[in-house]
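Here's the letter readout for the chains.
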Amino acid sequence: VVTPDATVDRRQADVVVIGAGAAGICAAIEAASFGARVVALDAGPSPGGAAAISSGLTCVVDSPLQRALGIRDSVRCALADWMTWGGPSADRVWARLYVERSASHVFEWLRRHGVEWVNVIQTEGNSVPRQHEPVGGGPTVVGLLLEEAARLGVEIRVSTSATRLLVDDGVLVGVATVSPSGSRVVDTRAAVVASGGFANSPSMLGTHGPRPGPGSRLLRGGAEHALGTGHELLSSVGAVFVGMDRVWTYAYGIVDPEDPTEERGLAFWATNDIWVNADGRRFHDESKRGGATATPALFAQTPATCWSIFDSDEALRATIAHPRFRNADGTPSSERVAQLLGRSRYAHSALTIPELAHAAGIPSEALANTVGELSDWFANGVTVDPRFGRNLQAFRPLTTPPFYAVQMFPLARKCLGGVRTNRECRVIQTDGSHVMGLYAAGEVAGMAGGHMNGQAALEGTMLGPSMFSGRLAARAALRALGYSARDTDG
Ligand SMILES: Cc1cc2nc3c(=O)[nH]c(=O)nc-3n(C[C@H](O)[C@H](O)[C@H](O)COP(=O)(O)OP(=O)(O)OC[C@H]3O[C@@H](n4cnc5c(N)ncnc54)[C@H](O)[C@@H]3O)c2cc1C
């Protein structure tokens, strides 16, 4: 990683990668591994983007780890899950390509670069566990990839934003950049736009994101530079976008106390909790927390906000999905979660449920009834919640004070739609043509192709496909430059 060089005005690169996150670092490694000279630009002060703050969960189908754990998965089963969950707008061709190659081109490839896969979990919409967890989460994966990029001689320029794609007669000829040391042009015949999503852009979320209505808010949950500037670059050369209104939004966003504007959010996760709306009533099976289930249920509330109610036992287990809330070894830090609960004005605690209701501004009698009802069901051996179908066998009544109420809002996290590309990741323009030398991969391209996940994501289907499409884009760019960049992953 180098800081911007004030002394050199123009540099040559075979491939310029715009954005050094999941897709961009993988594109850079791929291109450099074939001997290409690669310059990767990143708007942030350090590379990594959303990938570096992610949990690193990666959807892989029929992996050696699944097999070792006795999980029987198949391309057919995964593709069926993908298309059922994503609906008719999911890109079947890209989905199939990914599902078929995730084990070789992502799981094994990352393993060769030092990633250790430790666990496989099952998320909504998946028939079997297939979300693979790497040791140390996203930060460790990104760290290992950056080491590989450095070994291959990739030049990463941080605090450097791409501001314009220079196109001459339908051919890419350079990328204009800006950094603290000034404006530059990098001469190149190939660029991979891998600038991520826009889930931290107030204006783009305002245009494309969901609207929670009065009394609620849409928290921004993307990485710092997920501002959609790559979308603007692509738009300026006439690129086509699809599925832009598919902003994957979670119901369990809490206001980030580090953000004075209170517009940024964090993903808060308790398991043995009860969700109540502003009337103090449950409205959903809390064991179904995904963007396709819990989020519509939250949006159906007026206002679209709820409180996660739990006791002190659960407070020790609650997690917040961000590296700030992890220990140095990557494990979740209950201490840091407790600190946030202690300082957030959206988190309350009390020794009794009525006191808790009072502190949180929820109707006291209603909350007491809601908590009491679940305890009664539990005491009477009811195994399935008669109201919303929650499995009560996995539930433990809230008995250990202090009790907590944490207010949650919709959290915009990932952009499922983006720029349309062909199977080689070439950007498609409104008239169906391409700018020669222009490719897009990762979240700016809806992970791959434009709208790979469709209306809903099976989870782990952002990182893996972003890395996959980054690698494919680099190879396609090199082939167009005359390199013999063959697929060697088997
Ligand atoms: C907190 C969090 C947790 C997540 N957890 C998971 C998970 O467990 N599993 C999963 O599948 N997905 C997860 N995701 C989504 C996943 O991380 C992203 O979809 C994925 O990283 C996208 O890869 P990308 O390379 O397209 O974008 P990023 O990884 O975001 O990288 C984009 C990079 O481009 C840079 N950039 C932007 N604009 C410019 C510009 N104009 N010039 C130069 N550089 C620019 C940014 O600084 C950034 O570094 C998570 C997202 C977040 C925010």
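S.K.: Tell me about the overall build of the chain, residues and numbers included.
M.R.: Each helix and strand counted, the chain has 13 helices and 23 strands in total. In terms of C-alpha radius of gyration, the chain reaches 23 Å, essentially the compact-globule figure of 23 Å for 490 residues. Dimensions along the principal axes, computed over C-alpha positions, put the chain at roughly 70 × 50 × 45 Å. Within the chain, residue pairs in contact and separated by at least 24 positions form 73% of the contacts whose partners lie at least 6 positions apart. When the accessible surface of the chain is totalled, it reaches about 19200 Å², and 51% of it is carbon and sulfur. Counting 44 positive and 48 negative side-chain charges, the chain places the centres of these two groups 4 Å from one another.

S.K.: Please provide a residue-by-residue account of the layout of surface pockets, values included.
M.R.: There is about 230 Å³ of room inside the second largest pocket. Listing elements by their share of the lining of the second largest pocket, those giving two or more residues are β14 (247–255) and α8 (294–299). When the residues that make up the lining of the second largest pocket are grouped by side-chain class, the tally is 8 nonpolar, 5 polar and 2 charged.

S.K.: Can you break down the nonpolar core residue by residue, with the values?
M.R.: The nonpolar side chains of a soluble globular protein tend to be buried, and buried together. By size, the foremost hydrophobic cluster in this structure holds 106 residues, and its most contacted members are Trp 82, Leu 110, Leu 145, Phe 268 and Leu 341. Counting residues per element, this core draws most heavily on helix α4 (residues 92–112), which supplies 10 residues. Once residues within four sequence positions are removed from consideration, Leu 145 is found in contact with Ile 25, Cys 26, Ile 29, Trp 109, Leu 110, His 113 and Met 467. Ala 13, Val 39, Val 175 and Leu 233 belong to the second largest nonpolar core, which has 23 residues in total.

S.K.: For helix α1 (residues 22–33), give the residues involved together with the corresponding values.
M.R.: Taking 1.5 Å of rise per residue, the 12 residues of α1 would be expected to cover 16 Å, and the 17 Å separating its terminal C-alpha atoms lies within 8% of that figure. Taking burial as the measure, the 12 residues of α1 include 11 buried ones, the bulk of the element. Taken together, the buried positions of α1 are occupied by Ala 22, Ala 23, Gly 24, Ile 25, Cys 26, Ala 27, Ala 28, Ile 29, Glu 30, Ala 31 and Ala 32. Looking at the buried residues of α1, the elements they touch are β2 (15–18), β3 (38–41), α4, α5 (137–151), β11 (191–193) and α13 (463–480).

S.K.: With reference to specific residues and values, describe the site of the ligand.
M.R.: Around the ligand, a shell composed of 37 residues is seen, among which Ala 23, Asp 42, Leu 57, Glu 443 and Leu 463 lie nearest. The backbone of Gly 56 places a nitrogen or oxygen atom 3.5 Å from an oxygen atom of the ligand. Contact with the protein chains covers 97% of the free accessible surface of the ligand, which is 1000 Å².

S.K.: How would you explain the sheet that holds strand β4 (residues 58–59) if you had to name every residue and give the values?
M.R.: Strand-to-strand pairing in sheets goes through backbone hydrogen bonds, with the strands running parallel or antiparallel. On the basis of which strands lie adjacent, the open sheet formed by 3 strands has the order β4-β6-β5 and antiparallel pairing. The open sheet is flanked by β4 and β5 (117–121), the only strands paired with a single partner. Pairing analysis gives 2 bridges linking β4 to strand β6 (residues 131–134), with the strands arranged antiparallel. Within β6, the residue paired with Cys 59 across the bridge is Gln 131.

S.K.: Please set out the pattern of salt bridges residue by residue, giving values where relevant.
M.R.: What the rule picks out here adds up to 32 salt bridges. For Asp 385, the salt bridge is made with Arg 282, and the minimal N-O distance between the two is 2.8 Å. Of this pair, Asp 385 sits in the loop between α12 (364–379) and β20 (403–415) while Arg 282 sits in the loop between β16 (274–276) and α8, and the two are 103 residues apart along the sequence. For Arg 471, the salt bridge identified is with Asp 489, shortest N-O distance 2.5 Å. Here Arg 471, found in helix α13, pairs with Asp 489, found in the segment after α13; they are 18 residues apart in sequence, far enough to count as distant. Given a relative accessible area of 3%, Arg 471 falls into the buried group. Counted as one network, the salt bridges with shared partners bring together Glu 30, Arg 101, Arg 112, Arg 471, Arg 475, Asp 487 and Asp 489.

S.K.: Give me the lowdown on α12, citing residues and values where you can.
M.R.: Spanning 16 residues, α12 covers 22 Å between terminal C-alpha atoms, matching the ideal 22 Å at 1.5 Å per step. Following α12 by one or two positions, Gly 381 has its phi on the positive side, about 75 degrees.

S.K.: Can you lay out the environment of Ser 74 for me, pointing to particular residues and giving the numbers?
M.R.: Of note, Ser 74 is situated in the loop between α2 (64–68) and α3 (75–86). Using a relative accessible area of 28% as the deciding quantity, one classes Ser 74 as partly exposed. Through-space distance from the C-alpha of Ser 74 to that of Arg 420 is 28 Å; in sequence the pair is 346 residues apart. Within the structure, the side chain of Ser 74 is placed 3.0 Å from the backbone nitrogen of Cys 77, a separation counted as a polar contact.

S.K.: Talk me through the packing of α4 against α13; I want residue IDs and the actual numbers.
M.R.: At a minimum axis distance of 9 Å, the contact between α4 and α13 shows a crossing angle of 90 degrees. Classified by the interaxial angle, the pair formed by α4 and α13 is roughly perpendicular. Residues Trp 94, Leu 97, Tyr 98, Arg 101, His 105, Val 106, Trp 109 and Leu 110 of α4 form the contact with α13, whose participating residues are Gly 464, Pro 465, Met 467, Phe 468, Arg 471, Leu 472 and Arg 475. Residue composition of the contact of α4 with α13, by class: 10 nonpolar, 2 polar and 3 charged.

Calculation notes
- Residues numbered from 1 in each chain as written.
- Predicted model: local features only at pLDDT ≥ 70, side-chain atom pairs only at ≥ 80, totals over all residues.
- Heavy atoms only, no water.
- Helix = DSSP H or I, 4+ residues; strand = E, 2+ residues; numbered from the N terminus.
- Rg over C-alpha atoms; globule rule 2.2 N^0.38 Å.
- Contact = heavy atoms within 4.5 Å.
- Areas by Shrake-Rupley, 256 points an atom, 1.4 Å probe, with all protein chains shown as cover.
- Lys, Arg positive; Asp, Glu negative; His and termini not counted.
- Charge placed at Lys NZ, Arg CZ, Asp CG, Glu CD.
- 1 Å grid on protein atoms, 1.4 Å probe; cavity = no way out; pocket = protein on both sides within 12 Å on 5 of 7 lines; lining within 4 Å.
- Points joined across faces, edges and corners; volume = space filled by probe spheres on them.
- Nonpolar A, V, L, I, M, F, W, Y, C, P; charged D, E, K, R; others polar.
- Core = buried A, V, L, I, M, F, W, Y, C linked by side-chain atoms within 4.5 Å.
- Buried < 20%, exposed > 50% of the residue type's maximum accessible area, 1.4 Å probe, protein only.
- Expected span 1.5 Å × (residues − 1).
- Near = heavy atom within 4 Å.
- Polar contact = N/O pair within 3.5 Å; in protein donor to acceptor, adjacent residues only side chain to side chain.
- Pairing = 2+ DSSP bridges.
- Salt bridge = Lys/Arg side-chain N within 4 Å of Asp/Glu carboxyl O.
- Axes fitted to C-alpha atoms, helices over the stretch in contact; angles between N-to-C directions.
- Parallel < 35°, antiparallel > 145°, perpendicular 65-115°, else oblique.

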